[in-house]
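For reference, the chains in residue letters:
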Amino acid sequence: MNEIKIFSPATVANVACGFDVLGFCLDSVGDDMVIRKVDKKGIRISRIEGFELPYETEKNVAGVSALAMYNAIDVDFGFEIEIYKRIKPGSGIGSSAASAVGSVFGMNELLGRPFNKTQLTEFAIKGEALASKCEHADNLAPALFGGFTLVKSVVPLKILEIPCPNDLYATIIHPQIEIKTSEARAVLPKEVPLADAITQWSNLGSLVHGLHTSDYDLIKDSLKDVIIEPHRSKLIPFYNEVKNEVLKAGALGASISGSGPSIFSLSKGLETAKTVKEAMKTVYAKSGIDFDIHVSKINTKGIKIID
Ligand code: ADP
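It should be emphasised that the depicted structure is a prediction, and the values quoted were computed from it without experimental measurement. (Residues numbered from 1 in each chain as written. Predicted model: local features only at pLDDT ≥ 70, side-chain atom pairs only at ≥ 80, totals over all residues. Heavy atoms only, no water.)

1. Focus on the packing of aromatic side chains
Two descriptors summarise a pair of aromatic rings, namely the distance from one centre to the other and the angle between the planes of the rings. The final tally for this structure, using the stated rule, is seven aromatic pairs. When the ring of Phe24 is compared with that of Phe148, the centres are 5.1 Å apart and the planes differ by 40 degrees; the resulting orientation is tilted. Within this pair, whereas Phe24 is found in strand β2 (residues 18-38), its partner Phe148 is found in strand β5 (residues 148-153), the two being separated by 124 residues in sequence. Ring plane angle 75 degrees and centroid distance 5.9 Å describe the contact between Phe238 and Tyr284, whose orientation is recorded as edge-to-face. Taken together, the residues span a long stretch of sequence, with Phe238 in the loop between α8 (229-232) and α9 (239-248) and Tyr284 in helix α10 (residues 270-285) at a distance of 46 residues. Overall, Tyr284 belongs to the buried group, its relative accessible area being 0%. Here a set of aromatic residues connected by ring pairs shows up, and it is made of Phe24, Phe148 and Phe264. Here the basic side chain of Lys37 rests over the ring of Phe77, its NZ or CZ set 5.0 Å away from the ring centre. (Phe/Tyr/Trp six-rings, centres within 6.5 Å; stacked < 30°, edge-to-face > 60°. Helix = DSSP H or I, 4+ residues; strand = E, 2+ residues; numbered from the N terminus. Buried < 20%, exposed > 50% of the residue type's maximum accessible area, 1.4 Å probe, protein only. Lys NZ or Arg CZ within 6 Å of the ring centre and 35° of its normal.)

Structure below.
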């Protein structure tokens, strides 16, 4: 096998009370990529469609993670990467992570799987660091493992796979505005009141328990963020309106996806997820801001080979 085509999924990180640790994988949104073995040694990005991104290997996250893996192996051939990008860069649903995991997943398949998924995440972290200026795995882990993942620690890298109920769907609205990561970081508090910290870790513990036991009521009761959301939501137009309306429409909860501007909600069942989509649409249709909305089952498989 000299060539492989893959689907690299979008992901939601910073899941409410799980800021910086909890993420999940989407089904209906993602990039396609082709990874090819070639005679010429090294890593080359040969094609990019969808959005303008750098072709230079060292400036593209797919190239940087590929190089991290390439430098760890000893082969007398190289790899070419094609990126068919559908996840808009900077939208807050893991555009850079999809590219970072795509190249290393594809190369690993062509090499006969010498690396496990945690090792692939280590390589992908190097690519992701190019986009976000820090080493983190909260979008990479769900993209590679699928479902919900909890990054227990980055050094050493420890990823936990959290099971989730079968009938769990996400609805995500992406307002077409730009929020600079630096701005999203700058609004975060340096210190947290103990009472808020207690509420947050109690919610995260019970959310993980609710996911394990398919307890939708507990998930609903736990999908809350008292630390980050009050600050970052101010950067997202109509955030409170969207949240109020999706809760009225039957969603289990809603919060900021990644560092925004996307807002995600979780629902029990496809029908409710679609009703939530209409509720989001109604709020944003009046805003004058362009947007798109995705409805997706939680993708429990993660990145996959297609064709
Ligand atoms: P997201 O959360 O959607 O991944 P980021 O802001 O973390 O958004 O990353 C997007 C940044 O990374 C942009 O500046 C983009 O130019 C850069 N970048 C480099 N290579 C890629 C790639 N292959 N896919 C997406 N973004 C890339």
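Following the structure, the description resumes.
2. Examining the site of the ligand
If you check the shell around the ligand, you find 14 residues, and the closest are Asn60, Gly90, Ser95, Ser96 and Ser99. In the model, a nitrogen atom of the ligand is placed 2.8 Å from a nitrogen or oxygen of the Asn60 side chain. Taking Val61, its main chain carries an N or O atom lying 3.2 Å from a nitrogen atom of the ligand. Here the ligand has 560 Å² of accessible area as a free molecule, and 76% of this is covered by the chains. Because more than half of its atoms lie within 2 Å of the grid, the ligand is assigned to the largest pocket. In terms of residue count, helix α2 (residues 95-110) provides more of the shell around the ligand than any other element does, three residues in total. The residue makeup of the shell around the ligand, split by class, is three nonpolar, eight polar and three charged. (Near = heavy atom within 4 Å. Polar contact = N/O pair within 3.5 Å; in protein donor to acceptor, adjacent residues only side chain to side chain. Areas by Shrake-Rupley, 256 points an atom, 1.4 Å probe, with all protein chains shown as cover. 1 Å grid on protein atoms, 1.4 Å probe; cavity = no way out; pocket = protein on both sides within 12 Å on 5 of 7 lines; lining within 4 Å. Sits in = over half its atoms within 2 Å of the grid points. Nonpolar A, V, L, I, M, F, W, Y, C, P; charged D, E, K, R; others polar.)

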